[in-house]
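Residue strings, one per chain:
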Amino acid sequence: MNKIKIFQIATWTAVAVAAGILIGVKGMLPNGELQEHASSTGTARVGGPFELTSHTGEKFDNARLAGKPYLVFFGFTHCPDICPTTLYELTDLMDVLGPDADKLTPLFITVDPERDTQTVLSEYMTAFDERIVALRGELADIDKAVKAFSAYYNKVPTEGGGYTMDHTAGVILMDAKGGFFGTLDMHEPRETVLAKLRRLIASNA
Amino acid sequence: MLRRTATAIAVILMAVGPSMAHEFKAGSIEVGHPWSRPTPPSAPVASGYLKLTNTGTEADRLIQVESSFSARAEIHQSVVEEGVAKMRQAEGGIIIEPGGIVDFEAERLHIMFIDPARQLKDKESFPATLVFEKAGRVEVEFAVQRKAGETAPEDHSGHGSGK
């Protein structure tokens, strides 16, 4: 085998390895699946029918969201870190957006309706922007909503007989027509997050 | 008069205290700025963060956290894997290597105070006891503040935040 041949084999091997890594990494990106839907089809699969009850006790379904962009965040109140941080951050963002924030509906859907009763949620939500709507329902209704947004949750037992919930971490952005627009990661710089929200609002102008 | 002055000083300290960096020490373990977030009403849990520095030559381990503020306290790690947030108890506590630093925020660790006695408001504080395998027990105060990194923000180099 001459040197050129070895070089060629080495090059193609490197290309194959690099392609494999790229495919692997793409599949592992947070919410990679969600983003792919939007870019490849234009119309996303994310966003289907759901019917839940708000923290103020009102029936709340997807039809009610028509004509206005909205945000969806899955979480639970027994979550000390990511959930309250995201809700406080959304509160700050609504404040920074000023009157434009009225053009969005942020939703906080609990994946733990057993412990997150309407009473708990109605008290809990007083700490945040009053435009953020917390939603709950029977487990089957929650499952339907989770599926509607291609999200995920799982109940995980903990030592001592309790449990915690794994759940989709990002905030899902939906446009006024109920189409998937993107996601927010609260670890992104504030400016990036604000720019995405402003684009979402502008998409409905 | 003396009492009134003492009260006035205490009030000033309480008002100023939580927003300033504060430190505690037990043996060769330094506990940097324990802090917690305000909690929404009827929140069943609260979080706590701190920075542990081991100035000694032997590894030590944070094995337990106790507080009259909550029914229980556990040490947890949060991870986000493939877009899914997960929270797990840190098995066997937190090891601090000699000369090492464990920054709870940077490593996405937190102390979870379960069943807190009251709602936490901005600029308040509450006491807790950290129990180390070698350094023993140390009493600390958790300062309640809205934002992470309100003190010593320059000190985060050397910690990979990208996990």
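The structure displayed is predicted, hence computed values, not measured ones.

The next point concerns the overall build of chain B. Helix and strand counts for chain B come out as one helix and 11 strands. Helices and strands appear in chain B in the N-to-C order α-β-β-β-β-β-β-β-β-β-β-β. The buried share among the 163 residues of chain B stands at 45%. Taking the intrachain contacts of chain B between residues at least 6 apart in sequence as the baseline, contacts between residues at least 24 apart amount to 69%. Roughly 8300 Å² of accessible area belongs to chain B as shown, and the carbon and sulfur atoms make up 55% of that amount.

Soluble globular proteins tend to pack their nonpolar side chains together in the buried interior. In this structure, Val72, Phe74, Leu107, Phe108, Ile109, Phe149 and Leu197 of chain A are the most contacted members of the largest nonpolar core, which totals 57 residues. Discounting residues that sit within four places of it in the chain, phenylalanine 74 of chain A has contacts with Ile109, Val111, Ala145, Val146, Phe149, Ala151, His167, Thr168 and Ile172 of chain A.

Turning our eyes to something else, we now look at the interface of chain A and chain B. Of the residues lining the interface, 32 residues belong to chain A; the matching set on chain B comes to 28 residues. Taken over both partners, the interface formed by chain A and chain B buries close to 2300 Å², and the fraction arising from carbon and sulfur atoms is 55%. Along the contact surface separating chain A from chain B lie three salt bridges. As a salt-bridge pair, aspartate 166 of chain A and arginine 88 of chain B come within 2.8 Å of each other at their nearest N and O atoms.

What follows concerns the packing of aromatic side chains. Applying the stated criterion across every chain, the model contains 12 aromatic pairs over all chains. Ring centres of tyrosine 124 of chain A and phenylalanine 128 of chain A lie 5.7 Å apart, and the angle between their planes is 55°; on these two criteria the pair is classed as tilted. With relative accessibility at 1%, the residue tyrosine 124 of chain A sits in the buried group. For phenylalanine 128 of chain A, a relative accessible area of 6% translates into the label buried. Relative to phenylalanine 113 of chain B, the ring of phenylalanine 69 of chain B lies with its centre 5.8 Å away and its plane at 70°, an arrangement referred to as edge-to-face. Of the two residues, phenylalanine 69 of chain B is situated in the loop between strand 4 (60-66) and strand 5 (70-81) and phenylalanine 113 of chain B in strand 9 (residues 109-116); the sequence distance between them amounts to 44 residues. For the pair formed by phenylalanine 69 of chain B and phenylalanine 113 of chain B, the shared burial category is buried. Across from the ring centre of tyrosine 163 of chain A, 3.7 Å away, lies the NZ or CZ of arginine 115 of chain A, which sits over that ring. Taking NZ or CZ as reference, lysine 155 of chain A lies 4.2 Å from the ring centre of tyrosine 163 of chain A, over its face.

Here we take up the environment of alanine 26 of chain B. With respect to the helices and strands, alanine 26 of chain B occurs in strand 1 (residues 23-26). The residues contacting alanine 26 of chain B, other than those within four sequence positions of it, are Ala135 and Val138 of chain B.

A few words now on the pattern of salt bridges. On inspection of all chains with the given rule, the structure shows 18 salt bridges over all chains. For aspartate 92 of chain A, the salt bridge is made with arginine 146 of chain B, and the minimal N-O distance between the two is 3.1 Å. Remark: arginine 146 of chain B occurs in the segment after strand 11 (136-144) and aspartate 92 of chain A occurs in helix 3 (residues 82-97); the pair is interchain, linking two chains. Relative accessible area serves as the criterion here: at 17%, aspartate 92 of chain A is assigned to the buried category. By relative accessible area, which is 31% here, arginine 146 of chain B ends up partly exposed. Between arginine 72 of chain B and glutamate 74 of chain B there is a salt bridge; the shortest N-O distance is 2.9 Å.

A few words on the pairing of strand 1 (residues 51-54) of chain A. Residues and elements named next belong to chain A. Note: strand 1 against strand 2 (residues 59-61), three bridges, orientation antiparallel. If you follow leucine 52 over to strand 2, its bridge partner there is phenylalanine 60. A loop of four residues connects strand 1 with strand 2, the two strands running antiparallel in sequence, and glycine 57 in this loop sits at a positive phi of about 95°. Relative to strand 5 (residues 133-136), strand 1 runs antiparallel, the two being bridged by two bridges.

Structural remark: α-helix, 3.6 residues per turn; residues separated by three or four positions point the same way. Residue and element names in this part refer to chain A. Residues Ile142, Ala145, Val146 and Ala148 constitute the buried set of helix 5 (residues 139-148). Buried residues of helix 5, seen end-on, are gathered within an arc of 160° and therefore sit on one face of the element. What points out from helix 5, more than 90 degrees from its buried face, is the exposed set Ala140 and Lys147. Directly after helix 5, the chain includes serine 150, whose backbone phi takes a positive value near 50°.

Bringing the packing of helix 3 of chain A against helix 6 (residues 190-202) of chain A into the picture now. All names here are of chain A. Two numbers describe how helix 3 lies on helix 6: the axes approach to 11 Å, and their chain directions differ by 60°. The angle between helix 3 and helix 6 places the two elements in the oblique class. In terms of crossing hand, the pair formed by helix 3 and helix 6 is right-handed. Touching Glu89, Asp92, Leu93, Val96 and Leu97 of helix 3 are Arg190, Val193, Leu194, Leu197, Arg198 and Ile201, all from helix 6. Of the residues contributing to the contact of helix 3 with helix 6, the split by class is seven nonpolar, no polar and four charged.

With that settled, consider the confidence of the model for chain B. All names here are of chain B. Counting all residues, the mean pLDDT for chain B is 84, and 79% of those residues have values of 70 or more. Segment residues 7-18 is flagged for pLDDT under 50; beyond a separation of four residues in sequence, or across chains, it makes nine contacts in the model. The low-confidence segment residues 152-163 (pLDDT under 50) makes nine contacts with residues lying over four places distant or belonging to another chain. Overall fold confidence for the complex sits at a pTM of 0.79, while the interface term, ipTM, reaches 0.76.

Thresholds, definitions, all that
- Residues numbered from 1 in each chain as written.
- Chains lettered and ligands numbered in written order.
- Predicted model: local features only at pLDDT ≥ 70, side-chain atom pairs only at ≥ 80, totals over all residues.
- Heavy atoms only, no water.
- Helix = DSSP H or I, 4+ residues; strand = E, 2+ residues; numbered from the N terminus.
- Buried < 20%, exposed > 50% of the residue type's maximum accessible area, 1.4 Å probe, protein only.
- Contact = heavy atoms within 4.5 Å.
- Areas by Shrake-Rupley, 256 points an atom, 1.4 Å probe, with all protein chains shown as cover.
- Core = buried A, V, L, I, M, F, W, Y, C linked by side-chain atoms within 4.5 Å.
- Buried area = accessible area lost by both parts, 1.4 Å probe.
- Salt bridge = Lys/Arg side-chain N within 4 Å of Asp/Glu carboxyl O.
- Phe/Tyr/Trp six-rings, centres within 6.5 Å; stacked < 30°, edge-to-face > 60°.
- Lys NZ or Arg CZ within 6 Å of the ring centre and 35° of its normal.
- Pairing = 2+ DSSP bridges.
- Arc of directions from axis to C-beta.
- Axes fitted to C-alpha atoms, helices over the stretch in contact; angles between N-to-C directions.
- Parallel < 35°, antiparallel > 145°, perpendicular 65-115°, else oblique.
- Left-handed = near helix turned anticlockwise from the far one by under 90°.
- Nonpolar A, V, L, I, M, F, W, Y, C, P; charged D, E, K, R; others polar.
- pLDDT = per-residue confidence, 0-100.

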